[in-house]
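# Topology and contacts: notes
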Amino acid sequence: MSARLTFGLAALGTAAAGALVFGPVIAPALLRAAKPAAKTATRTAVILAERAGESFAEFMEIVEDAYAEAEAELAESRAPSSES
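So, here's what we can say about the structure. (Residues numbered from 1 in each chain as written. Predicted model: local features only at pLDDT ≥ 70, side-chain atom pairs only at ≥ 80, totals over all residues. Heavy atoms only, no water.)

## Considering the overall build of the protein
- Secondary structure assignment for the protein yields one helix and zero strands.
- Compactness check: the protein gives a C-alpha radius of gyration of 33 Å against a globular reference of 12 Å for 84 residues, more than 25% above the reference.
- Each of the three principal axes of the protein carries a C-alpha extent, and together these read 100 × 35 × 10 Å.
- Across the 84 residues in the protein, those meeting the buried criterion constitute 0%.
- Of the roughly 7600 Å² of accessible surface on the protein, a fraction of 67% belongs to carbon and sulfur atoms.
- Within the protein, one finds 7 positive and 11 negative side-chain charges whose respective centroids are separated by 35 Å. (Helix = DSSP H or I, 4+ residues; strand = E, 2+ residues; numbered from the N terminus. Rg over C-alpha atoms; globule rule 2.2 N^0.38 Å. Buried < 20%, exposed > 50% of the residue type's maximum accessible area, 1.4 Å probe, protein only. Areas by Shrake-Rupley, 256 points an atom, 1.4 Å probe, with all protein chains shown as cover. Lys, Arg positive; Asp, Glu negative; His and termini not counted. Charge placed at Lys NZ, Arg CZ, Asp CG, Glu CD.)

This is the structure:
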């Protein structure tokens, strides 16, 4: 086995042992620190979803209006003319 591989395995073993020993102490602190960031990200996602819904509703209103106008114009052009 090469010295490089042996050193890598030793480093990995040391890191795993450190995680087992210090993990229960560090994990709660990391979770407390990450909570505000997660809350902000969630709030931002909710705001973006609301804005997207509003934009989509406005877009649908424009499409429905255009459809109704086109339908009315077609009906008018197909109606028999009484000008003669």
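## A look at a nonpolar patch on the surface
- A surface patch of nonpolar side chains, amounting to about 660 Å² of accessible area, comprises Leu 20, Val 21, Phe 22, Val 25, Ile 26 and Leu 30.
- For Ile 26, the location among the structural elements is in helix H1 (residues 3-78). (Patch = residues over 30% accessible without salt bridge, like charges linked within 9 Å, V, L, I, M, F, W, Y side chains within 5 Å. Salt bridge = Lys/Arg side-chain N within 4 Å of Asp/Glu carboxyl O.)

## Section: the environment of Arg 43
- When you line up the elements, Arg 43 lands in helix H1.
- Look at Arg 43 and you get partly exposed, because its relative accessible area is 47%.
- Sequence separation between Arg 43 and Arg 32 is 11 residues; the distance between their C-alpha atoms is 17 Å.

## A closer look at a negative patch on the surface
- On the surface, a cluster of negative charge is made up of Glu 50, Glu 54, Glu 58, Glu 61, Glu 64, Asp 65, Glu 69, Glu 73 and Glu 76.
- Relative to the elements of secondary structure, Glu 50 occurs in helix H1.

## Considering the environment of Thr 44
- Within the element layout of this structure, Thr 44 appears in helix H1.
- Looking at Thr 44, the relative accessible area reads 40%, which means it is partly exposed.
- Sequence-wise, Thr 44 and Val 25 are 19 residues apart; in three dimensions their C-alpha atoms are separated by 31 Å.

In short, shape yes, function no, at least from these values alone.
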